[in-house]
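One-letter residues, chain by chain:
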Amino acid sequence: MMLKCGMRLSKAPASRVLSPRDICGRDGLCFFLFLSVLLPLCFLFPACSGQEIKSWEGVQITGRIVDVNRQPVPGGYVYAYNAGKHNILGPADAMSEPSGEDGRYLLIVPEGVYMVAARRRVSGAISGPLRNGDLAGQVAEPVEAVSGGVKNLGIILTGFHQGAEGDPKRILTTDTRIEGQVVDLFGRPVPGAHVFAYEGKFRPDPPDFMAPEADEDGYFRISLPGGGTFTVGARTGLRGKPGPEDRIGFWGGRDQPREVEGGSVTEGVRIEISPYGDRETR
């Protein structure tokens, strides 16, 4: 009997296991071919190598992003931020691929609780400050991602309009006011701090209302249009996303909305601000 390697098979004793030399001669050519060609294939197949190949597992968050007219928004990105960060500033913990022509997206995250936001920048960029013409939106409540489940979330994006920070239209004079002091981590006043307010939840765009700069003792007074739910905070640095050297903080210590009664004056509010870079690593 002849094998393809060109050598005649020797007759081995019944009790003897054939060696590479028996099969392919003293040069062991076939054995060499086995090592160089067949053996590497074993590492590609779990059944051969005994190794289990696992794909990265996560929780799928899917859905569509649409504009205010319920039209699909292609080319948008959906971002997940660990809810422990308490805001949607800075780098996201997970990001989707761009949404399709039908506005559909797929975001995969580890188990956890997340704040989910979506943005479509005219420039096509995946990050950076929002500009006029961009679209942005956020899921109102934190999203719990549980292993084995699929979340289906629709997100409505609205147009972003960059007004001049500190625009007089944002600084009101009304009988609904919040007054207090901006301090640092050591309780020292922060003169010149900018106090801001958003209707409802904090957003990564210019605030709805602002106060004049805090005075030399850190005291401020911000007026609101009436009763409602507002997120009130303070920061140093005025334009764009805070840098690592900027400081930011919120009324009550977290960027959570608080109920404000129309016609009321809330006094003695203390807003403690800390380095923005520290907030991102907490």
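Reading the values: rules and limits
- Along each chain, the written sequence defines residue order, and numbers are assigned to residues from 1.
- Only residues with pLDDT of at least 70 get local features here, since the model is predicted, and only at 80 or more are side-chain atom pairs given and counted; chain-wide, interface and lining totals rely on the full set of residues.
- In computing side-chain values, all of the structure's heavy atoms are included and hydrogens and water are not.
- Every residue is assigned a pLDDT by the predictor, reflecting its confidence on a scale from 0 to 100.
- Elements are defined by DSSP. Helices are runs of H or I of four residues or more, strands are runs of E of two residues or more, and each kind is numbered from the N terminus.
- We call two residues contacting when some pair of their heavy atoms lies within 4.5 Å.
- A simple rule labels every residue: compare its accessible area, found with a 1.4 Å probe on the protein chains alone, to the largest value its type can have, and call it buried under 20%, exposed over 50%, or partly exposed in between.
- When DSSP finds at least two bridges between two strands, those strands are taken to pair.
- All axes here are fitted lines through C-alpha atoms, helices being fitted over the stretch that makes contact, and every angle between N-to-C directions spans 0 to 180 degrees.
- Definition used for salt bridges: Asp or Glu carboxyl oxygen within 4 Å of a side-chain nitrogen of Lys or Arg.

Draft legend 1. Up close: the confidence of the model for the chain. For the chain, per-residue confidence averages 78 on the pLDDT scale, and 72% of positions sit at 70 or higher. Averaged over each element, pLDDT in the chain is lowest for helix α3 (residues 46-49) (40) and highest for strand β17 (residues 265-272) (96). Of the regions scoring below 50 in pLDDT, residues 41-55 engages in 7 contacts with residues more than four places distant in sequence or in other chains.

Draft legend 2. Seen up close, the environment of Gly149. Structurally, Gly149 is set in the loop between β7 (143-145) and β8 (150-152). Along the backbone, Gly149 and Val59 are 90 residues apart, and their C-alpha atoms lie at a distance of 6.3 Å. Once residues within four sequence positions are removed from consideration, Gly149 is found in contact with Val59 and Gln60.

Draft legend 3. Inspection of unusual backbone geometry at higher detail. Even without a glycine there, the phi angle at Arg70 is positive, about 65 degrees. Topologically, Arg70 is positioned in the loop between β1 (59-67) and β2 (77-82). The class of Arg70 is exposed, set by a relative accessible area of 52%.

Draft legend 4. Quick peek at the side chain of Ser264. Note that Ser264 resides in the loop between β16 (258-260) and β17. The class for Ser264 is buried, based on a relative accessible area of 18%. Setting aside residues up to four positions removed in sequence, Ser264 forms contacts with Asp175, Thr176 and Arg177.

Draft legend 5. Region of the structure containing the sheet that holds strand β10 (residues 176-183). On the basis of which strands lie adjacent, the open sheet formed by 3 strands has the order β13-β10-β17 and mixed pairing. Since the sheet does not close on itself, it has two edges, and those belong to β13 (219-224) and β17, each with one partner. The sheet shows a mean angle of 30 degrees between the axes of neighbouring strands, taken without regard to direction. In the sheet, β10 pairs with β13 via 6 bridges, with the strands oriented antiparallel. Residue pairing for β13: Gln181 is matched across the bridge by Tyr219.

Draft legend 6. The arrangement of the side chain of Arg119 in detail. Checked against the element boundaries, Arg119 lands in strand β5 (residues 112-120). The class of Arg119 is buried, set by a relative accessible area of 7%. In contact with Arg119, not counting residues within four places along its chain, are Gly76, Tyr77, Tyr79, Tyr81, Ile88, Leu130, Leu135, Ala136 and Pro204.

Draft legend 7. Up close: the pattern of salt bridges. Taken as a whole, this structure holds 5 salt bridges when the rule is applied. Between Asp184 and Arg188 there is a salt bridge; the shortest N-O distance is 2.8 Å. Look at Asp184 and you get buried, because its relative accessible area is 7%. Exposure remark for Arg188: the relative accessible area of 47% places this residue in the partly exposed category. Across the salt bridge formed by Arg235 and Asp246, the nearest N and O atoms sit 3.9 Å from each other.

Draft legend 8. The pairing of β1, seen in detail. β1 sits mainly inside the fold: 7 of its 9 residues count as buried. As paired elements, β1 and strand β4 (residues 104-109) share 6 bridges and run antiparallel to each other. Bridge pairing in β4 links Gly63 to Tyr105. As judged from the 3 bridges shared by β1 and β8, these two strands associate in the parallel manner. Residue pairing for β8: Ile61 is matched across the bridge by Lys151. The pairing of β1 with strand β9 (residues 155-159) spans 3 bridges and is classified as parallel. In the strand pairing of β9, Asp67 is matched with Leu157.

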